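Okay, here's what each chain looks like letter by letter:
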Amino acid sequence: MAPIIQTHHLTHRFADGTLALDAVSLDFNAGELTVIAGANGSGKTTLLRHLNGLLMAQSGDVRVCGRSVRDDPLAARQAVGMVFQDADSQIVGETVYDDTAFGPENLGLDREAIDRRVNQALSAVDLVGLENKRPHHLSGGQKRRLAIAGVLAMQPRVLLMDEPFSNLDFPATCRVLERILDLHRQGHTIIITTHDLEKVIAHARRLVVMAKGRVVSDGIPEAVVAGIAQYGIRPPCSVQLGKGIQPWVS
Ligand SMILES: Nc1ncnc2c1ncn2[C@@H]1O[C@H](COP(=O)(O)OP(=O)(O)OP(=O)(O)O)[C@@H](O)[C@H]1O
Ligand SMILES: [Mg+2]
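Residues numbered from 1 in each chain as written. Chains lettered and ligands numbered in written order. Predicted model: local features only at pLDDT ≥ 70, side-chain atom pairs only at ≥ 80, totals over all residues. Heavy atoms only, no water.

Remarks on the packing of helix α5 (residues 140–152) against helix α6 (residues 170–185)
- At a closest axis distance of 12 Å, the pairing of α5 and α6 adopts a crossing angle of 15°. Relative to α6, the element α5 is oriented roughly parallel. Handedness of the crossing formed by α5 with α6: left-handed. Packed against α5, whose contacting residues are Arg145, Ile148 and Leu152, the element α6 presents Ala172, Arg175, Val176, Arg179 and Leu183 at the interface.
- Tallied by class, residues from the contact of α5 with α6 come to five nonpolar, no polar and three charged. (Axes fitted to C-alpha atoms, helices over the stretch in contact; angles between N-to-C directions. Helix = DSSP H or I, 4+ residues; strand = E, 2+ residues; numbered from the N terminus. Parallel < 35°, antiparallel > 145°, perpendicular 65-115°, else oblique. Left-handed = near helix turned anticlockwise from the far one by under 90°. Contact = heavy atoms within 4.5 Å. Nonpolar A, V, L, I, M, F, W, Y, C, P; charged D, E, K, R; others polar.)

Printed below as a string of C-alpha cells:
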C-alpha cells in the first residue's frame, strides 16, 4: 500500500531567512504511530504544519493519500487533523461545546450527529460537565484536552500531535496517552512530536530525529535512541539505566 503521507525534498525558508526545513523526505504508512523528536527549533512544528496544508511547500512536495497538498489543501486538512503545540491558538468557540462542535459543523453534519461527536470527543478527554465554560477560562491542561477533542470530533484519518503532553499533569498525561493509543488501535495514523520521549516511545515502532531542519536519524526506537543525546534529546530513563525501552507507566 502507498504511504498515506509522503514528503519529498520538502524545504521551507521563513521570510526572515531561517531555513526551518531542509530537504526533508519522509514516508508515513497508514496505521503507524511515529514519534518525531528534536531539540527546540529543529523544525518539528514547521514539518507538521506542512502535512495538513497549513503551510505550503516552497520547494519539494507533500502528498496526502497520494494527492499533492498544493493541489488540494482542503482534502489534506480533512484527512489530517492537527493538535497545536499552543492550545490557545486553536480555540475558536465561545464555549467548550461550541469549540468542539466547530469542525463537525463545518463538515455540514446534522445536529444529532454533531451532538454525538461532541459528546464522544469531550468524554474521551474527560471534559464532560464543562460544556458551557468559556475556553479561555480553562486551565492549560484543560485547554490542551479541548484542542484534542476538537480534532477528535473531525474524525481525521491522520492525527498530528505537536507536543501533546506539555502542560499536562500526571493523570491528564495518562488519559491523553491512553486516548492516543486507543486511536492508534482503531487504525488511525498518528504522528507525535516531542522532545520528551519518555512518555510515548515504548508505543512507537518508528522514531525520527530532526536537527536543524534535517532528518538525522530514522528507524526503530531501540536503534535510534542510542545516539539521541548528541541532538539535544534526553534518552528515556530506562535506556539510561541500561534496561532498554520500557513503558512510562506499567
Ligand atoms: N513564522 C516564523 N518566522 C520565522 N522563523 C520561524 C517561524 N516559525 C518558526 N521559525 C523558525 O524555524 C525554525 C524551526 O521552528 P519550529 O517551530 O518548526 O521548531 P520546533 O522543532 O517545533 O521547536 P520546539 O521544540 O521549540 O517547538 C526555528 O529556527 C524557528 O525560529
Ligand atoms: Mg514546535
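Now, onward.
Thoughts on the sheet that holds strand β5 (residues 67–68)
- What the four strands build is an open sheet, ordered β2-β1-β4-β5; its pairing is antiparallel. Where the open sheet ends on each side, the last strands, each with one partner, are β2 (19–28) and β5.
- Pairing geometry for strand β1 (residues 5–13) and β2, over six bridges, is antiparallel. Counted as the bridge partner of threonine 7 is leucine 26 from β2. (Pairing = 2+ DSSP bridges.)

Section: the layout of surface pockets
- Considering only enclosed or pocket space, the largest pocket measures out at about 610 Å³ in volume.
- Along the wall of the largest pocket there are 23 residues; nearest its centre are Arg77, Gln90, Phe102, Gly103 and Met154.
- The set of elements that each furnish at least two residues to the lining of the largest pocket consists of α2 (73–79), β6 (80–83), α3 (96–106) and α5.
- Taken together, the residues of the lining of the largest pocket sort by class into 13 nonpolar, eight polar and two charged. (1 Å grid on protein atoms, 1.4 Å probe; cavity = no way out; pocket = protein on both sides within 12 Å on 5 of 7 lines; lining within 4 Å. Points joined across faces, edges and corners; volume = space filled by probe spheres on them.)

What about the pairing of strand β10 (residues 214–219)?
- Judged from the five bridges that link them, strand β9 (residues 206–211) and β10 form a sheet pairing that is antiparallel. When the sheet's bridge partners are listed, alanine 211 is paired in β10 with arginine 214.
- The turn joining β9 and β10, which pair antiparallel and follow one another in sequence, is formed by two residues; a positive phi near 50° is taken by lysine 212.

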